Amino acid sequence: MEEVKVIGFWASPYVYRVTWALNLKGVEYEYQEEDVFNKSDLLLQYNPVHKKVPVFVHGGKRIAESTVILEYIEETWPQNPLLPTDPHARAMARFWTKFGDDKKPDFFGFFKSAGEEQIKAAKEAQECLKILEEHGLEDKKFFDGDKIGMTDLSLGWLAFWLEAMEGAAGVQVLDVNSFPRLHAWIRNLKEVPVIKENHPDQTRLLAYFKWLREMYTKPATT
Amino acid sequence: MEEVKLFGAWPSPYGYRVIWALELKGVKYEYIEEDLSNKSDLLLQYNPIHKKIPVLVHNGKPISESHVILEYIEETWPGNPLLPSLEDPHGRASARFWTKFIDDKALPFAMLLMTDGEELEKAAKEVREILKILEEQGLGEKDFFGGNEIGLADLAMGLIASSFGVIEELAGVKVLNGDEFPGLCNWVKKFKENPAIKKNLPDPDQMFVYYKQKREMLINSRAALSYK
């Protein structure tokens, strides 16, 4: 059997997209933890263009960029498909994945800011969340339909990471009154066995984000 | 017969990617030019989230985001494939990687158009670094990013062949030169020689007028903002 390896970082939602996909498809893999604050020679060799995780290795060949890796996994191990069969539905899945990734600065701005700036950033995040709630998820159980798919994995950071970031930043963005559908989706996502058994520890994540936030909001020394 | 419509706005490279894909596959389509300063109700209806072009409408169903559209076109009209076959998933991953790479690096290219002075120098340096990565790691010894034939990644890189030269001229910089980037220069030549591409390239003189006006407007508005 060809070797499958994931090089990742425990706190990265991009890495979890990949490991969730592999677990959902029952693909065995070796996981190697990387300290992203002190990058190894191996990572720099495996991903010379971006020097980031996740890096996926299969049969000696390397692939970087989580969305590219997800498409590769889907094509290489077609069981338990993560994309619909209908071409338009597949396009919508890719669209929402891209939306989540492209709007990263808008979603996370509140985490990196304080005071007035944070209030403004939190509003921007909520506008993006509203689009996800009303146009992306609508009345579906999962973003791609009745069962978990690529979009759900790509937006998985909403389920675990956002709460920890809100806690560290002292502001709630995804409140249940404004976003009942997204909250229902998070509950459904967390009940999927693969997700339930594989997610970062919330306490550890909160501590990590508190530390990260201190770095972002530290006043510049003159 | 299937109805295919494409909403674009000349000379958007994102619109051109989709035009090239449809032309390479011989798909008949109706092209609708959008005035982005006065967006049509139809565009706002078909792309309510981003309100941007390109939008492809196939049998009444809209798809937006150029990369998503390209994947859709590839899956719906498999003739003259733009991705390696499913037997080469790594080749397919490579095409997607480089498509994403150039999309993520859009800002430095835009800054070449929008800036002058020190900021322009900085943008030119960043673009040079991007081109270096494309030359050495993207293209390597190949004629095209897709290998022997034009593929998805080549269409994504298309702006380097179509509008980049005009933007360099307006900015007064020469980044893409044959000495530093022989592979890329060869790629530009071969890309533009492809019959489907050749018939569908924005006219350089018209582009010069368009981008000159745009550059003046952008530089002035950035200067006005800095005096606020």
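For the structure itself, consult the block above.
In this numbering scheme, every chain counts its residues from 1 along its sequence in written order. Starting at A for chains and at 1 for ligands, labels are handed out in the order in which the entities are written. Local features are withheld for residues below a pLDDT of 70 in this predicted model, meaning they are given only at 70 or higher, and side-chain atom pairs are given and counted only at 80 or more; totals for whole chains, interfaces and linings count all residues. Values reported for side chains reflect all heavy atoms of the structure, with hydrogen atoms and water molecules removed beforehand.

## What to know about the packing of aromatic side chains
The cut-off we apply is this: The aromatic pairing rule takes the rings of Phe, Tyr and Trp, using the six-membered ring of Trp, and pairs them if the centres are within 6.5 Å, calling planes under 30 degrees apart stacked, those over 60 edge-to-face and the rest tilted. Numbering of helices and strands runs from the N terminus, with a helix taken as a DSSP run of H or I at least four residues long and a strand as a DSSP run of E at least two residues long. Buried means the residue's accessible area, taken with a 1.4 Å probe over protein chains only, is under 20% of the maximum for its type, while exposed means over 50%, and partly exposed covers the values in between.
Per the stated rule, a full pass over the model turns up 35 aromatic pairs over all chains. Aromatic side chains Phe 143 of chain A and Trp 185 of chain A sit 5.1 Å apart centroid to centroid with 85° between the ring planes, which places their arrangement in the edge-to-face category. Residue Phe 143 of chain A is located in the loop between α6 (115-137) and α7 (150-154), and its partner Trp 185 of chain A is located in helix α9 (residues 180-191); the two are separated by 42 residues in the primary sequence. Residue classification places Trp 185 of chain A among the buried residues on the basis of a relative accessible area of 0%. Between Phe 97 of chain B and Trp 98 of chain B the ring centres are 5.0 Å apart and the planes differ by 85°, which places this aromatic pair in the edge-to-face class. Look at Phe 97 of chain B and you get buried, because its relative accessible area is 10%. By way of ring pairs, the aromatic residues Phe 9, Trp 10, Phe 37, Phe 111, Tyr 208, Phe 209, Trp 211 and Tyr 216 of chain A are connected into one cluster.

## Some words on the interface of chain A and chain B
Our working rule: Between two residues, a contact is recorded if the distance between any of their heavy atoms is within 4.5 Å. Accessible area that two parts lose when put together, evaluated with a 1.4 Å probe and summed over both, is termed the buried area. Salt bridges are defined by distance alone: a side-chain nitrogen of Lys or Arg within 4 Å of a carboxyl oxygen of Asp or Glu. Think of a polar contact as two N or O atoms within 3.5 Å of one another; within protein, one of them needs to be a possible hydrogen donor and the other a possible acceptor, and neighboring residues in sequence only count if both atoms come from side chains. Classification used: nonpolar for Ala, Val, Leu, Ile, Met, Phe, Trp, Tyr, Cys and Pro, charged for Asp, Glu, Lys and Arg, polar for all others including Gly.
The interface of chain A with chain B comprises 27 residues on the first partner and 24 residues on the second. For the pairing of chain A and chain B, the buried interface totals around 2400 Å² over both sides, and the portion due to carbon and sulfur atoms is 68%. Two residues, Glu 75 of chain A and Arg 96 of chain B, come together in a salt bridge whose shortest N-O distance is 3.1 Å. For the interface between chain A and chain B, the tally reads eight residue pairs in polar contact (both at pLDDT 80 or more). Sorting the residues of the side of chain A that touches chain B by element identifies β4 (61-64), α3 (66-76), α4 (87-102) and α6 of chain A as the ones contributing at least two each. At 10 residues, the largest contribution of residues to the side of chain A that touches chain B is made by α4 of chain A. Residues of the side of chain A that touches chain B, tallied by class, amount to 12 nonpolar, five polar and 10 charged.

## Details of helix α4 (residues 89-104) of chain B
Structural remark: α-helix, 3.6 residues per turn; residues separated by three or four positions point the same way. All names here are of chain B. We apply this condition: Here, expected helix span is obtained from the residue count minus one, scaled by 1.5 Å.
Under the 1.5 Å per step criterion, the end-to-end length of α4 is 22 Å for 16 residues, consistent within 8% with the ideal 22 Å. The buried count for α4 comes to 12 of 16 residues, which makes it a mostly enclosed element. Restricting attention to buried positions, one finds in α4 the residues Pro 89, Gly 91, Arg 92, Ala 93, Ala 95, Arg 96, Phe 97, Trp 98, Thr 99, Phe 101, Ile 102 and Asp 103.

## What to know about the packing of α6 of chain A against α9 of chain A
Residue and element names in this part refer to chain A. Heads up, the rule is: The axes used here are C-alpha line fits, helices contributing only the stretch in contact, and every angle between their N-to-C directions lies in the interval 0 to 180 degrees. The scheme is simple: roughly parallel for angles under 35 degrees, roughly antiparallel for over 145, roughly perpendicular for 65 to 115, oblique for anything else.
At a closest axis distance of 9 Å, the pairing of α6 and α9 adopts a crossing angle of 75°. With respect to α9, the axis of α6 lies roughly perpendicular. Here Leu 129, Glu 133, Glu 134 and Leu 137 of α6 lie close against α9, whose contacting residues are Pro 180, Arg 181, Leu 182 and Trp 185. Its residues placed into classes, the contact of α6 with α9 shows five nonpolar, no polar and three charged.

## What about the pairing of strand β4 (residues 61-64) of chain B?
Residue and element names in this part refer to chain B. Quick reminder of the rule: When DSSP finds two or more bridges between two strands, those strands count as paired.
Bridge count for strand β3 (residues 55-58) against β4 is four bridges, and the pairing is antiparallel. Looking at β4, one finds that Leu 56 is bridged to Ile 63. Linking β3 back to β4 in an antiparallel pair, the connection comprises two residues, with Asn 59 at a positive phi of about 50°.

## What about a nonpolar patch on the surface?
Residue and element names in this part refer to chain A. Worth spelling out the cut-off: Residues with no salt bridge and a relative accessible area higher than 30% make up the patches, which join like charges within 9 Å and nonpolar side chains (Val, Leu, Ile, Met, Phe, Trp, Tyr) within 5 Å. The Shrake-Rupley method, run with a 1.4 Å probe, gives the accessible areas here. Residue values count only the displayed protein chains as cover.
Among the surface-exposed residues, Phe 37, Trp 211 and Met 215 lie close enough to one another that they form a single nonpolar patch of about 320 Å² accessible area. By secondary structure assignment, the location of Met 215 is in helix α11 (residues 202-217). For Met 215, a relative accessible area of 43% translates into the label partly exposed.

## Quick notes on the sheet that holds strand β1 (residues 4-8) of chain A
Residues and elements named next belong to chain A. As summarised here, the arrangement of the four strands in space is β2-β1-β3-β4, forming an open sheet in which the pairing is mixed. Each end of this open sheet is capped by a strand with a single partner; those strands are β2 (30-33) and β4. Sheet twist, expressed as the mean angle between neighbouring strand axes with direction ignored, is 20°. Sitting on the sheet, helix α1 (residues 13-24) is in contact with β1, β2 and β3 (55-58), with an inclination near 155° to β1.

## A look at the packing of helix α8 (residues 157-169) of chain A against α9 of chain A
Residues and elements named next belong to chain A. Closest axis-to-axis distance for the α8/α9 pair is 9 Å, and the angle between their directions is 110°. As the angle between them shows, α8 and α9 are arranged roughly perpendicular. Counted together, Leu 158, Ala 159, Phe 160 and Glu 163 of α8 and Leu 182, Trp 185, Ile 186, Leu 189 and Lys 190 of α9 form the full contact between these two elements. Looking at side-chain class alone, the contact of α8 with α9 contains seven nonpolar, no polar and two charged residues.

Keep in mind these numbers describe shape, not what the thing actually does.
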